[in-house]
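# Structural overview
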Amino acid sequence: MQKIDRKSLVTRHNPVLRQAETLSPLSVGNGEFAYTVDITGMQSFPEEYKFPLGTQSNWGWHSTGGHDLYRYEDVKLRSFETHGRQVGYATDAAGQEEVFHWLRQNPHRVQLGVIGLELLSSEGSRIRLQDIGDIEQELDLWTGIITSRFRVEGVPVTVLTSCHDRLDQIGLTVESELIEQGRLFVSVRFPAPHPQSRGWGSSIGLNWETEEGHKSELYHADQHGAEIRRIMDEDKYVVKLAWTDGELVQLGRHAYRLVPNSSLSKLDLTFSYALSADEVKELANAEAIRSFSTVHWEQFWKSGGAIELAGSRDPRAAELERRIILSQYQTALHSAGTIPPQETGLMYNSWFGKPHLEMHWWHAAHFAQWGRIHLLERSLSWYQRILPKARELAGSQGYTGARWPKMVGPEGNQSPSSVATLLIWQQPHPIDLAYLCYQADPSETVLERYKEMVMETAEFMASFAVWDEPGQRYVLGPPVIPAQENHRGSETMNPVYELEYWRHGLEIALLWRERLGLPDEPKWRHVLEHLSVPEPVNGVYEAHELCTDTYTRANIDHPSMLAALGVLPGKLIDRSVMLSTLHRVREAWRWETSWGWDFPTAAMTAARLGEGDLAVDMLLMDQVKNTYLKNGHNYQRDDLLAYLPGNGGLLAAVALMAAGWIDGPYGDAPGFPQDGSWTVKLEGLVQRL
């Protein structure tokens, strides 16, 4: 088969904006740090954009009042009857609102700063967004460079924007006669941390409402650069700037203006954010940063997997190909850091900026399927760092092994929640992700690297399952809240997806032991061989064993029973029952209540069942929460404008549909329609179990 022309494939989907798309700003970044810009190529009009123009990192966090104002141990736990014993969970804020909500909200991720252009009219008034004309902005995906061209009262301006591939540095080149005319400046501003909220923690806008509670100190400035130090309670960071020639003027407590030398026609500006000045040894110049970016992104696109859909007769192929390309860019930029990402990546805060570990698979598993295992391993190693805390959590509840929390800060501390603390479907994720790494490199080195993480995870899973003597089986819950979170923890037992995931994780863990030459674990084996098998009701799978009205009352949120055969190989699942379940879900589900990863989940189930037409239909279903904006982000609603699990889920689904799965059917693209309407070329994809 002829090789895919990867550069042509990628660049034909370069986002090109010819007006201010306030829902689709473009970003540059490196997995650890990102800078999001408006149509000027900088953060010039943040107040006029619906989508936040943010600058975020994986190291920039703040705790209101200090790091240790409260600890998880300060929360009073609610006891849940757990098969003859009481187990405490931090689910109830009543009577302890301050400590409960402080721990949910802290630490929260910081918007590090806003650096944009300040443009003046010929009469000296401030140019507004609607005054900008002749807009043409393009993100070159092949190089990671944004080129922004526009006019101010007929005077052209060109801005080149890029991010260093390894350092948290942004390089900008601004070229315009407006500099010589004294009508173009650079604005440097620092918003306050967001006020504490008892909601779900989406910080859409930037907080300009208060100048109190944070400090901005100009530590050094000359005609070629400056250092500004930021202080928020016990948290500190710095921004270093370097420019061609000019003067930095302080306008307010948290606002500065860079006035370029009027002899310039071109201004180069580089800036870097870091925890301390010592971390920024040297600022690269803008041209060097563009070079680093180009090498990085060219290598990214040339390596790993690729899918091309050109030549398909189905008119939806072009849109699916666009989503595939842009999702690869967005997940590499936002989801490939050294800690699991938040749902909104490095854009703005959802749930106070904290990672949700049940979503980590959706952010990162696709990296392995697309042959970029190193991007998965960057965040997978984080579990090893927080393993002591996971052991402590399990032990505090009377279990052995390591119980992974759900909603966490960067140090792995669990957040109290009426829902999150009762979830378990994040538990097998590290085992499955580790096995993906082993598939890519089936060596003893990988087995040893993740040995402790896999063993401790499986130990908790075996400990958590409860022996049901009358049924001669192991059960999961109560209490447990399934992936479909609208079920009460005290009334839920044996959710279908979680049962299959428990079997899948324990099977891999036992295989891990075997390949390391370790003896079998009898308890794990017993749980694996006697785990409850999901039983259908009226020919379909219900959400869980105690639920009999899934399709009339509980047909909202995630149809997670589908994931048991689709995301997972489904060894506990009856294929004919799952096919009936898939069709029932398609007809009865209230899809407007679902989330971005639910559509790829349904597509994976359809693919494994040989329903290629239905797989494509589910993947491209016309629903608001299955919208992919011009910048490639998966839109959910007006307070959740970017949803990276949707992007990652799409990539996982397409890889499964195109490359197939181990022990699956042979042939080209087994998960796509087989009627000739789709032409699927693929390179470098890796099959899942």
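Everything below is about the structure printed above this text.
The shown structure was predicted, so the numbers you read here are calculated from the model rather than taken from an experiment.

### With respect to the nonpolar core
Residues Met42, Ile115, Leu241, Leu269, Phe271, Leu320 and Trp512 are the most contacted members of the largest nonpolar core, which totals 211 residues. Ignoring any residue separated from it by four or fewer positions in sequence, one finds Trp512 in contact with Ala434, Tyr435, Tyr438, Val446, Leu447, Tyr450, Lys451, Val454 and Met455. In this structure, Val75, Ala90, Ala93 and Val99 belong to the second largest nonpolar core, which totals seven residues.

### Let's talk about helix H2 (residues 97-105)
With seven of nine residues buried, H2 lies mostly within the body of the structure. If you check which residues of H2 are buried, you get Val99, Phe100, His101, Trp102, Leu103, Arg104 and Gln105. On its buried face, H2 sits against strand E8 (108-109).

### Re the environment of Tyr383
Within the element layout of this structure, Tyr383 appears in helix H7 (residues 373-385). On the basis of relative accessible area, Tyr383 is assigned to the buried category, the value being 0%. Sequence-wise, Tyr383 and Met359 are 24 residues apart; in three dimensions their C-alpha atoms are separated by 14 Å. Every residue in contact with Tyr383, bar those within four places of it in the chain, is listed here: Leu357, His360, Trp404, Pro430 and Met453.

### A short note on the sheet that holds strand E4 (residues 55-57)
The strand order E2-E3-E4 describes an open sheet built from three strands, whose pairing is antiparallel. Every other strand in the sheet has two partners, leaving strand E2 (26-29) and E4 as the edge strands with one partner each. The sheet shows a mean angle of 20° between the axes of neighbouring strands, direction not considered. Examined bridge by bridge, strand E3 (residues 33-37) and E4 share three bridges and lie antiparallel to one another. Across the sheet, Phe33 pairs through a bridge with Ser57, a residue of E4.

### Let's talk about the packing of aromatic side chains
One pass over the full model with this rule turns up 31 aromatic pairs. Seen in terms of ring centroids, Phe190 and Tyr256 are 6.4 Å apart; in terms of plane orientation they differ by 75°. Their pairing is edge-to-face. On the criterion of sequence distance, the pair formed by Phe190 in the loop between strand E14 (184-189) and strand E15 (215-222) and Tyr256 in strand E19 (residues 255-260) is long-range, its members being 66 residues apart. Per residue, the accessibility class of Phe190 equals that of Tyr256, and both read buried. When the centroid spacing of 5.9 Å and the interplanar angle of 50° are considered together, the rings of Tyr438 and Trp512 count as tilted. Within this pair, whereas Tyr438 is found in helix H9 (residues 429-440), its partner Trp512 is found in helix H12 (residues 496-515), the two being separated by 74 residues in sequence. A single burial state applies to Tyr438 and to Trp512, both of which are buried. Through pairs of rings, three or more aromatic residues link up here, namely Phe33, Tyr35, Trp59, Tyr237, Phe271 and Tyr273. Positioned above the aromatic ring of Trp208 is the side chain of Arg189, whose terminal nitrogen or guanidinium carbon lies 4.2 Å from the ring centre.

### Some words on the environment of Ala434
Summarising the element assignment, Ala434 is placed in helix H9. Under the relative-accessibility criterion, Ala434 is labelled buried at 0%. Between the C-alpha atom of Ala434 and that of Met618, which follows or precedes it by 184 residues, the distance is 29 Å. Beyond its immediate chain neighbours, meaning those up to four positions away, Ala434 contacts Leu380, Tyr450, Met453, Val454 and Trp512.

### What about unusual backbone geometry?
When glycine is set aside, most residues are seen to have a negative phi, and most peptide bonds are trans. Note that the residue after Asn106, namely Pro107, is joined by a cis bond; omega there is -10°. Along the polypeptide, Pro107 turns up in the loop between H2 and E8. Positive phi, normally seen in glycine, also occurs at Gln472, with a value near 50°. Judged by its relative accessible area of 43%, Gln472 is partly exposed. Phi at Asp663 is positive, roughly 65°, even though this residue is not glycine. Checked against the element boundaries, Asp663 lands in the loop between helix H17 (644-659) and strand E26 (681-683).

### Some details on H17
The first and last C-alpha atoms of H17 sit 22 Å apart over 16 residues, in line with the 22 Å expected at 1.5 Å per residue. H17 sits mainly inside the fold: 16 of its 16 residues count as buried. Downstream of H17 by a residue or two, Gly660 has a phi angle that is positive, lying close to 80°.

### As for the side chain of Asn626
In this structure, Asn626 sits in the loop between helix H16 (612-619) and strand E24 (627-628). Setting aside anything within four residues of it in sequence, one finds Asn626 in contact with Arg323, Phe599, Met618, Leu619, Leu620, Met621, Asn634 and Tyr635.

### Here we look at the pattern of salt bridges
All told, the structure shown has 33 salt bridges when counted by the stated rule. Two residues, Asp165 and Arg166, come together in a salt bridge whose shortest N-O distance is 3.1 Å. The salt bridge involving Glu507 is made with Lys571; its shortest N-O contact spans 3.2 Å. On the criterion of sequence distance, the pair formed by Glu507 in helix H12 and Lys571 in the loop between helix H13 (522-530) and helix H14 (575-588) is long-range, its members being 64 residues apart. Connected via shared salt-bridge partners are Asp314, Arg316, Arg586 and Asp617.

Scoring rules and cut-offs
Residues numbered from 1 in each chain as written. Predicted model: local features only at pLDDT ≥ 70, side-chain atom pairs only at ≥ 80, totals over all residues. Heavy atoms only, no water. Core = buried A, V, L, I, M, F, W, Y, C linked by side-chain atoms within 4.5 Å. Buried < 20%, exposed > 50% of the residue type's maximum accessible area, 1.4 Å probe, protein only. Contact = heavy atoms within 4.5 Å. Helix = DSSP H or I, 4+ residues; strand = E, 2+ residues; numbered from the N terminus. Pairing = 2+ DSSP bridges. Axes fitted to C-alpha atoms, helices over the stretch in contact; angles between N-to-C directions. Phe/Tyr/Trp six-rings, centres within 6.5 Å; stacked < 30°, edge-to-face > 60°. Lys NZ or Arg CZ within 6 Å of the ring centre and 35° of its normal. Expected span 1.5 Å × (residues − 1). Salt bridge = Lys/Arg side-chain N within 4 Å of Asp/Glu carboxyl O.

These figures come from the coordinates and say nothing about function on their own.
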